[in-house]
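# Analysis of the macromolecular model
Chain by chain, the residues run as shown.
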Amino acid sequence: MITMKDIVLEGHPVLRQVAKDVKLPASSEDQQTAKDLLEYVINSQDPVTAEKYGLRPGIGLAAPQIAVSKKIIAVHVTDEKGKLYSYALFNPKIVSHSIEKTYLSSGEGCLSVDRPVPGYVPRYARITVEAVTVDGEKIKLRLKGMVAIVFQHEIDHINGIMFYDHINKENPFAPVENGTPVER
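The structure reproduced in this document is the subject of the present report. (Residues numbered from 1 in each chain as written. Predicted model: local features only at pLDDT ≥ 70, side-chain atom pairs only at ≥ 80, totals over all residues. Heavy atoms only, no water.)

## Focus on the overall build of the protein
When you go through the protein residue by residue, the secondary structure sums to 3 helices and 8 strands. Counting from the amino terminus, helix and strand elements in the protein follow one another as α-α-β-β-β-β-β-β-β-α-β. Against the globule reference of 16 Å for 184 residues, the protein gives a C-alpha radius of gyration of 16 Å, in line with a compact fold. Along the first, second and third principal axes, the C-alpha atoms of the protein reach 45 × 35 × 35 Å. The proportion of buried residues among the 184 residues of the protein is 51%. Intrachain contacts of the protein at a sequence separation of at least 6 include 73% that bridge at least 24 residues. Carbon and sulfur atoms provide 52% of the accessible area of the protein, an area that totals close to 9,500 Å². The positive charge centre, built from 22 side chains, and the negative charge centre, built from 23, are 5 Å apart in the protein. (Helix = DSSP H or I, 4+ residues; strand = E, 2+ residues; numbered from the N terminus. Rg over C-alpha atoms; globule rule 2.2 N^0.38 Å. Buried < 20%, exposed > 50% of the residue type's maximum accessible area, 1.4 Å probe, protein only. Contact = heavy atoms within 4.5 Å. Areas by Shrake-Rupley, 256 points an atom, 1.4 Å probe, with all protein chains shown as cover. Lys, Arg positive; Asp, Glu negative; His and termini not counted. Charge placed at Lys NZ, Arg CZ, Asp CG, Glu CD.)

What follows is the structure, encoded as structure tokens:
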């Protein structure tokens, strides 16, 4: 089971590396990593389990955040209609995206960043992601709003990008061109 002590913090070199593709079919080790990432995110959202194990709540986690430089992400988040998106994925990539942007009005946070970082993080409002599930199934997901933001955040991790890299350095709360805020 992954705990907070397994999560590396900003400044760790693995967070700035472009992760390696997972060789498919995935090894049992890679499958276990994916399952462990998803288990952390699910457990961290349960107040009793989170308190018992000292887990910071999260809605997504990527393998580089546990010092594994492979393209594996896990997401456990509901959209504005209450639909659950719960996935552990190998080699996810954004294959198309909207011109329109979106951003979290409250800003983004990250389990690997132990401090508040104020500012808007511009993201695509809609994306299409292709990936492979833990069971080896190729999937294509069309995502929007909060769910699209979470997937972009985690996919950034496997590409060595931190969320604050997107924040306008001169004016962190500058209006996002072509952007609609998402409340969380």
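## Quick word on the nonpolar core
Formed by 23 residues in total, the largest nonpolar core has its most connected members in Ile73, Val77, Leu89, Leu143 and Phe151. Looking at which element gives the most residues to this core, the answer is helix 3 (residues 145-158), with 8 residues. Core analysis: the next-biggest nonpolar cluster, separate from the first, contains 21 residues, Leu38, Val41, Leu111 and Val132 among them. (Core = buried A, V, L, I, M, F, W, Y, C linked by side-chain atoms within 4.5 Å.)

## Remarks on helix 3
The terminal C-alpha atoms of helix 3 lie 21 Å apart, and with 14 residues this matches the ideal 20 Å at 1.5 Å per residue to within 8%. Of all 14 residues in helix 3, 14 are buried, a share of seventy percent or more. Just downstream of helix 3, glycine 160 is the residue with a positive phi angle, here 75°. (Expected span 1.5 Å × (residues − 1).)

Fair warning: the whole summary comes from geometry, so function is off the table for now.
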